[in-house]
Amino acid sequence: MGGPNLEVFKFSLYLFVPIAALVHFGDPEWYKRNVLPYRDKLFPPPERLTTRFPTERSAVQEELERIKAERIARRVARE
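The present account deals with the structure reproduced in this document. (Residues numbered from 1 in each chain as written. Predicted model: local features only at pLDDT ≥ 70, side-chain atom pairs only at ≥ 80, totals over all residues. Heavy atoms only, no water.)

### Some remarks on the overall build of the chain
And then number 1: Across its full length, the chain holds five helices and zero strands.
And then number 2: At 28 Å, the chain has a C-alpha radius of gyration far larger than the 12 Å of a compact globule built from 79 residues.
And then number 3: The principal-axis extents of the C-alpha atoms in the chain amount to approximately 75 × 30 × 25 Å.
And then number 4: Counting all 79 residues of the chain, 1% fall into the buried class. (Helix = DSSP H or I, 4+ residues; strand = E, 2+ residues; numbered from the N terminus. Rg over C-alpha atoms; globule rule 2.2 N^0.38 Å. Buried < 20%, exposed > 50% of the residue type's maximum accessible area, 1.4 Å probe, protein only.)

Next up, the structure:
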């Protein structure tokens, strides 16, 4: 076996690696520099994620008619 020196080394490594990762990746400047630019590329803007559904019956029917018209227009454009 390795002895107590190996155990001390392993224990210090087990403590050091997570703390070093937290210090490195938890830095706000690193986050702004490396994460935020890719977030805009990977995910759609928040305006596209929030959908307002119609609540009145007439508004629902108007929206369904609009969707059907778009679908028909796409079908005609394909043919």
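### Side note on the pattern of salt bridges
And then number 1: Scanning all chains against the criterion turns up three salt bridges.
And then number 2: Residue E7 pairs with K10 through a salt bridge whose shortest N-O separation is 3.6 Å. You can see E7 and its partner K10 sitting in helix α1 (residues 4-25), three residues apart, about one turn around the helix.
And then number 3: Overall, the relative accessible area of 30% leaves K10 in the partly exposed class.
And then number 4: Between E63 and R66 there is a salt bridge, with the nearest N and O atoms lying 2.4 Å from each other. You can see E63 and its partner R66 sitting in helix α5 (residues 57-78), three residues apart, about one turn around the helix. (Salt bridge = Lys/Arg side-chain N within 4 Å of Asp/Glu carboxyl O.)

### What to know about a positive patch on the surface
And then number 1: A cluster of basic side chains, namely K68, R71, R74, R75 and R78, defines a positive patch on the protein surface.
And then number 2: Secondary-structure assignment places R74 in helix α5.
And then number 3: Owing to a relative accessible area of 55%, R74 belongs among the exposed residues under this scheme. (Patch = residues over 30% accessible without salt bridge, like charges linked within 9 Å, V, L, I, M, F, W, Y side chains within 5 Å. Areas by Shrake-Rupley, 256 points an atom, 1.4 Å probe, with all protein chains shown as cover. Lys, Arg positive; Asp, Glu negative; His and termini not counted. Charge placed at Lys NZ, Arg CZ, Asp CG, Glu CD.)

### Describing a nonpolar patch on the surface
And then number 1: There is a patch of nonpolar side chains on the surface, built from L6, F9, L13, Y14, F16 and V17 and spanning about 630 Å² of accessible area.
And then number 2: Mapped onto the fold, L6 is located in helix α1.
And then number 3: Given the relative accessible area of 37%, L6 is considered partly exposed.

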